[in-house]
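# Notes for the structure review
In case you want the letters, here they are:
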Amino acid sequence: MKTIENISRMTTFVKMMKKEGRSIGLVPTMGCLHEGHMSLVRAAKKHTDVVVMSIFVNPIQFGPKEDFEKYPRDLKRDEELARDAGVDVIFYPSLKDMYPEGYATYVTIEALTKNLCGGSRPGHFSGVATVVTKLFNIVKPNIAYFGQKDMQQALMIKKMAADLNMDLEVKIMPTVRGKGGLAMSSRNMYLSETESKDAVILHQSLKQAESLIKGQERDAKKIIKTIEDMIKSKPTAKIDYVAIVDTKELRDVKTISGEIMIALAVFFGNTRLIDNITIAVK
Ligand code: PAF
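So, a few notes on the structure that sits alongside this text. (Residues numbered from 1 in each chain as written. Predicted model: local features only at pLDDT ≥ 70, side-chain atom pairs only at ≥ 80, totals over all residues. Heavy atoms only, no water.)

Before going further, it helps to examine the layout of surface pockets. In this structure, the second largest pocket spans a volume of roughly 320 Å³. Gly-178, Lys-179, Leu-182, Asn-188 and Ser-196 are, among the 17 residues lining the second largest pocket, the residues nearest its centre. The element best represented in the lining of the second largest pocket is helix H8 (residues 193-199), accounting for three residues. Looking at the lining of the second largest pocket, its residues break down into six nonpolar, seven polar and four charged. (1 Å grid on protein atoms, 1.4 Å probe; cavity = no way out; pocket = protein on both sides within 12 Å on 5 of 7 lines; lining within 4 Å. Points joined across faces, edges and corners; volume = space filled by probe spheres on them. Helix = DSSP H or I, 4+ residues; strand = E, 2+ residues; numbered from the N terminus. Nonpolar A, V, L, I, M, F, W, Y, C, P; charged D, E, K, R; others polar.)

This part is about the sheet that holds strand E1 (residues 2-4). In spatial order, the strands read E1-E4-E3-E2-E5-E6; together these six strands make up an open sheet with parallel pairing. Only two strands of the sheet have a single neighbouring strand rather than two, namely E1 and strand E6 (169-173). Shown here is a sheet whose adjacent strand axes are inclined to one another by a mean of 25°, direction ignored. Bridge count between strand E3 (residues 50-55) and strand E4 (residues 89-91): three bridges; the pairing is parallel. Each bridged residue has a counterpart across the sheet, and for Met-53 the counterpart in E4 is Ile-90. Most of the contacts of helix H7 (residues 151-163) go to E6, to which it runs at about 165°, and overall it touches strand E5 (143-147) and E6. (Pairing = 2+ DSSP bridges. Axes fitted to C-alpha atoms, helices over the stretch in contact; angles between N-to-C directions. Contact = heavy atoms within 4.5 Å.)

On to empty space enclosed by the protein, then. According to the stated counting rule, one finds one cavity of 30 Å³ or more in the structure shown. Within this model, the largest cavity holds a volume of roughly 30 Å³. If you trace the largest cavity, you find it lined by Lys-149, Leu-182, Ala-183, Ser-185, Asn-188, Leu-202, Leu-273 and Ile-274. Per-class residue counts for the lining of the largest cavity are five nonpolar, two polar and one charged.

This next bit is on the nonpolar core. The biggest cluster of nonpolar side chains holds 49 residues, and the ones touching the most others in it are Met-10, Val-52, Phe-136, Ile-157 and Met-160. Per-element accounting of this core gives the leading share, nine residues, to helix H6 (residues 124-139). With near-sequence residues (within four places) excluded, Val-52 lies in contact with Met-10, Ile-24, Gly-25, Leu-26, Val-27, Val-89, Phe-91 and Val-139. Counting residues in each nonpolar core, the second largest holds 27 residues, with Ile-201, Ala-209, Ile-227 and Ile-256 among its members. (Core = buried A, V, L, I, M, F, W, Y, C linked by side-chain atoms within 4.5 Å. Buried < 20%, exposed > 50% of the residue type's maximum accessible area, 1.4 Å probe, protein only.)

Okay, the site of the ligand next. The immediate surroundings of the ligand are formed by Pro-28, Thr-29, Met-30, Asn-58, Gln-61, Val-131, Phe-146 and Gln-153. Gln-61 places a polar side-chain atom, nitrogen or oxygen, 2.6 Å from an oxygen atom of the ligand. One nitrogen or oxygen atom from the side chain of Gln-153 is found 2.7 Å from an oxygen atom belonging to the ligand. For the ligand, whose unbound accessible area comes to 290 Å², protein coverage reaches 88%. For the shell around the ligand, a count of residues per class yields four nonpolar, four polar and no charged. (Near = heavy atom within 4 Å. Polar contact = N/O pair within 3.5 Å; in protein donor to acceptor, adjacent residues only side chain to side chain. Areas by Shrake-Rupley, 256 points an atom, 1.4 Å probe, with all protein chains shown as cover.)

A full pass over the atoms with the stated rule returns 15 salt bridges. Arg-42 is paired through a salt bridge with Glu-35; the nearest N and O atoms lie 2.5 Å apart. For Glu-35, a relative accessible area of 33% gives the class partly exposed. Residue Lys-171 pairs with Glu-169 through a salt bridge whose shortest N-O separation is 3.0 Å. Judged by its relative accessible area of 37%, Glu-169 falls in the partly exposed class. (Salt bridge = Lys/Arg side-chain N within 4 Å of Asp/Glu carboxyl O.)

All right, on to the packing of aromatic side chains then. Overall, the coordinates contain six aromatic pairs when judged by the stated rule. On the basis of an interplanar angle of 45° and a centroid distance of 6.1 Å, the ring pair of Phe-56 and Tyr-99 is categorised as tilted. Note that Phe-56 is positioned in the loop between E3 and helix H3 (75-85) and Tyr-99 in the loop between helix H4 (95-98) and helix H5 (117-120), a separation of 43 residues in sequence. Overall, Phe-56 belongs to the buried group, its relative accessible area being 6%. With a relative accessible area of 13%, Tyr-99 lands in the buried category. A centroid spacing of 5.6 Å and a plane angle of 85° characterise the contact between Tyr-103 and Tyr-106, whose relative ring orientation is edge-to-face. With relative accessibility at 23%, the residue Tyr-103 sits in the partly exposed group. With a relative accessible area of 44%, Tyr-106 lands in the partly exposed category. Members of the aromatic cluster, each reached through a chain of ring pairs, are Phe-56, Tyr-99, Tyr-103 and Tyr-106. The ring of Tyr-190 is capped by Lys-70, whose NZ or CZ atom sits 4.4 Å from the centre of that ring. (Phe/Tyr/Trp six-rings, centres within 6.5 Å; stacked < 30°, edge-to-face > 60°. Lys NZ or Arg CZ within 6 Å of the ring centre and 35° of its normal.)

Read across the open sheet, the three strands follow the order E7-E8-E9; overall the sheet is antiparallel. Strand pairing shows two members of the sheet lacking a second neighbour, strand E7 (237-246) and strand E9 (271-281), which therefore form its edges. Neighbour to neighbour, the strand axes of the sheet diverge by 15° on average, direction disregarded. Pairing between E7 and strand E8 (residues 258-268): nine bridges, direction antiparallel.

Next up, the structure:
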């Protein structure tokens, strides 16, 4: 496994791979790797010849009061995990290389980004779209992999790739869950023991909502109330949002029909976690 630390070397490597006719799979990450990232790598290894994992903590997707400075960074640990998972190249560009002085171009997607995390984190999705566009332009992947845990992000990137005629496929892979069903996230490591135990309520409440829908409940407000009550029973939890949206436009629905996503964001102490499930109703 190689670690490439600058854009021009990455470009040279990509040109070489393309010349040899080898397909490239990209797994974009901010490091602090976990089993969720590994599942993306495993998928990339199945579908493509060369797996590139980018590790870049992207400042422009963090709000001023968010955790950019303290976001966990441990390249040595990440390199070991990536090597074990079979990553071929870690792309680890510097901040200066990605955003040199005078940098002035940002990508904004008008659809899909206003509701859910777009409402709570202004500017976040433009920061993600900008860095992902840059990564796509540098690495030129045939397929790029994103996790369903960040479903709004993944759908937005799919839309961006289609709208801007980007010549690649965006694959969304299932959420990987740990103990008690807690969705894998780099931010789980911030949780205290009590917060970790309490956070399991996210998956439990989503499963409860699913069983209400299976039992023919169709009133979104009632389902949301059930989820909120369950979450509020945990002393360390503070709800940011709980929403039920259609999976095409990510707009709130009143009545459950077609394919919907139940999405939530909840603080446990200072740590904001997100999760979601999608359900198709006939
Ligand atoms: O999901 C993430 O880790 C980040 O948002 C991404 C896609 C790597 C862009 O910085």
